[in-house]
Amino acid sequence: MAQKRDYYEVLGVEKTASEDEIKKAYRKIAIKYHPDRNPGDKEAEEKFKEAAEAYNVLHDPKTRQQYDQFGFAGPGAGGFDFSGFGGASMNMDDIFSMFGDIFGGHGFGGFGGGTRRPQQHRGSDLRLKVKLSLEEINKGVTKKFKVRKDIPCPHCSGSGAEAGSGKETCPTCHGQGVITHTTQSIFGMMQQQSVCPTCNGEGQVIKNKCKHCGGSGIEKGEEVVEINIPAGVAEGMVVNVPGKGNAGKHNGINGDIQVFIEEEDNDTFIRDGNDLIYNLLLDFPTAALGGEVEIPTIEGSKLRVKLENGTQPGKTLRLRGKGLPAVQGYGNGKGDLVVNISVYVPRTLSREEKLAVESFRDSDNFKGDKQTKDSIFQKFKNYFS
């Protein structure tokens with residue numbers, strides 16, 4: 001476990017700092033490391049909690065005096081119990097319910113001002129799989145899905161209440177969505193908030209529940225959803241479609257649809273990242289004499305490429321910018337079309353063909369030059385070494 005830092009050091013203030021200086025220092029640090037500004041950043045979250053723990057002790061004159069005198073040990077053998085301040089047991093709502101006033105009513109993500117807003121229910125996310133061809137991946141595509149999902153109840157318009165009955169303010173939390181607990185600690189009276197058990201944080205309760213949905217405000221239904229899939233996606237990527245998932249209870253927030261991408265095999269190309277690989281099989285005369293060949297592209301057109309005479313098997317051509325586009329946010333431009341050349345050797349020959357080939361057997365030109373032989377030898381040597 002990391003050693004605890006001095007609370008004055010955490011807030012970056014001198015031991016002679018005034019209450020106002022301590023408050024300003026904490027506000028600056030808390031805004032910098034706020035979870036809404038640093039989503040998923042565990043280090044920022046720990047610094048946020050550390051600052052809350054330091055402020056909790058130093059902003060109160062009594063606890064500050066005890067800390068100045070005894071440090072972390074506290075008076076007596078038992079020492080101070082700081083486990084509830086900034087530790088794993090304290091969540092962000094706890095911190096803002098205790099110190100939200102220092103943000104001047106301008107907090108982030110619903111935490112501001114120390115006043116917790118009544119919560120909205122969020123519908124769950126849905127997952128879909130879609131298999132795309134390389135042609136669809138190259139251009140991007142819009143797909144339509146008929147999705148079975150939770151939809152707002154048409155009889156109560158998603159409210160969960162019978163027509164004409166409506167909702168009323170929760171008698172337990174008085175519309176706040178939370179209830180406040182006051183407990184005694186070594187630092188004096190402390191207040192913590194928790195979700196109201198009567199209204200589940202909504203701040204309102206239904207007088208007469210809808211008979212069709214039982215008061216939930218949702219029922220099972222179907223919806224045709226159009227999903228735009230950007231060009232350049234790859235196997236295993238997930239396209240998130242916000243707000244198209246299951247409806248939330250009581251006209252809450254809709255969940256999302258997560259679309260998992262799969263790729264169909266292609267008979268012409270092999271994908272390598274954003275590059276496309278095409279295997280060109282040359283006949284021997286073209287390889288020996290040179291000439292023009294047609295190379296297919298993912299768009300459906302063909303490119304005419306001129307080959308030199310004496311083109312060797314294993315030669316690679318790279319056609320720049322003829323591959324797949326980079327998906328937005330993962331790069332720029334387009335990949336290449338890589339052409340791997342091999343030469344076809346017929347398995348059977350007619351009598352005339354056989355005689356023609358045999359006439360070249362003793363020609364030094366058809367036995368390969370020293371440079372070619374050395375190159376082939378080196379390739380085998382590298383392979384087996």
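Residues numbered from 1 in each chain as written. Predicted model: local features only at pLDDT ≥ 70, side-chain atom pairs only at ≥ 80, totals over all residues. Heavy atoms only, no water.

Visitor: Summarise the environment of Tyr344; cite the residues concerned and give the values.
Guide: With respect to the helices and strands, the residue Tyr344 is situated in the loop between strand S15 (337–343) and helix H8 (351–358). What makes Tyr344 partly exposed here is its relative accessible area of 44%. Distance in space between the C-alpha atoms of Tyr344 and Leu281 is 6.1 Å, their sequence separation being 63 residues. Ignoring any residue separated from it by four or fewer positions in sequence, one finds Tyr344 in contact with Leu281, Leu282 and Phe284. (Helix = DSSP H or I, 4+ residues; strand = E, 2+ residues; numbered from the N terminus. Buried < 20%, exposed > 50% of the residue type's maximum accessible area, 1.4 Å probe, protein only. Contact = heavy atoms within 4.5 Å.)

Visitor: Could you give an account of the sheet that holds strand S14 (residues 316–319), with specific residues and numbers?
Guide: The strand order across the open sheet built from four strands is S10-S11-S15-S14, with neighbouring strands paired in mixed fashion. Edge positions in the open sheet fall to strand S10 (270–272) and S14, since each of these has one partner strand only. For this sheet, the mean inter-axis angle between neighbouring strands, taken without regard to orientation, is 30°. (Pairing = 2+ DSSP bridges. Axes fitted to C-alpha atoms, helices over the stretch in contact; angles between N-to-C directions.)

Visitor: Which residues make up a negative patch on the surface, and what values go with them?
Guide: A grouping of Glu135, Glu264, Asp265 and Asp267 is seen on the molecular surface, where their side chains present a negatively charged patch. On the secondary structure map, Glu264 appears in the loop between strand S9 (257–263) and S10. A residue is classified by how much of its surface remains accessible, and Glu264, at 37% relative accessible area, is partly exposed. (Patch = residues over 30% accessible without salt bridge, like charges linked within 9 Å, V, L, I, M, F, W, Y side chains within 5 Å. Areas by Shrake-Rupley, 256 points an atom, 1.4 Å probe, with all protein chains shown as cover. Salt bridge = Lys/Arg side-chain N within 4 Å of Asp/Glu carboxyl O. Lys, Arg positive; Asp, Glu negative; His and termini not counted. Charge placed at Lys NZ, Arg CZ, Asp CG, Glu CD.)

Visitor: Could you give an account of the pattern of salt bridges, with specific residues and numbers?
Guide: For the structure shown, the criterion picks out 20 salt bridges. For the salt bridge of Arg5 with Glu9, the shortest nitrogen-to-oxygen distance reads 3.6 Å. Residue class for Arg5 comes out partly exposed when judged on its relative accessible area of 33%. By sharing partners, the salt bridges in this structure join Asp275, Arg318, Arg320 and Asp336 into a single network.

Visitor: Let's hear about the sheet that holds S9: which residues, and what values?
Guide: In space, the three strands of this open sheet follow the order S1-S9-S8, with mixed pairing throughout. A single partner strand is all that each edge strand has here, and the edge strands are strand S1 (126–132) and strand S8 (238–241). Taken over all neighbouring pairs, the strand axes of this sheet differ in orientation by 25° on average, direction set aside. Both S1 and S9 contribute to a ladder of seven bridges, which runs parallel. From the neighbouring strand, Lys131 faces S9, where its bridge partner is Glu262.

Visitor: Lay out the nonpolar core with the relevant residues and their values.
Guide: Across soluble globular proteins, nonpolar side chains have a tendency to be buried as a group. Counting residues in hydrophobic clusters, the biggest one holds 36 residues, and the most contacted among them are Ile227, Ile229, Ile295 and Val339. Other than its neighbours up to four places away in sequence, Ile227 contacts Leu128, Val141, Thr142, Lys143, Phe145, Val241, Ile257 and Val259. Among the nonpolar cores identified, the runner-up in size contains 21 residues, and Ala17, Ile22, Ala25 and Val57 belong to it. (Core = buried A, V, L, I, M, F, W, Y, C linked by side-chain atoms within 4.5 Å.)

Visitor: Requested: an account of the packing of aromatic side chains, with residues and values cited.
Guide: Counting across every chain of the model gives four aromatic pairs. The interplanar angle of 40° and the centroid separation of 6.2 Å between the aromatic rings of Tyr8 and Tyr67 together place this pair among those described as tilted. Taken as a pair, Tyr8 in helix H1 (residues 7–11) and Tyr67 in helix H4 (residues 61–70) lie far apart in primary sequence, 59 residues in all. One exposure class covers both Tyr8 and Tyr67, and it is buried. Judged by centre distance (6.1 Å) and plane angle (55°), the ring pair of Phe269 and Tyr278 falls under tilted. (Phe/Tyr/Trp six-rings, centres within 6.5 Å; stacked < 30°, edge-to-face > 60°.)

Shape descriptors only; they carry no functional weight alone.
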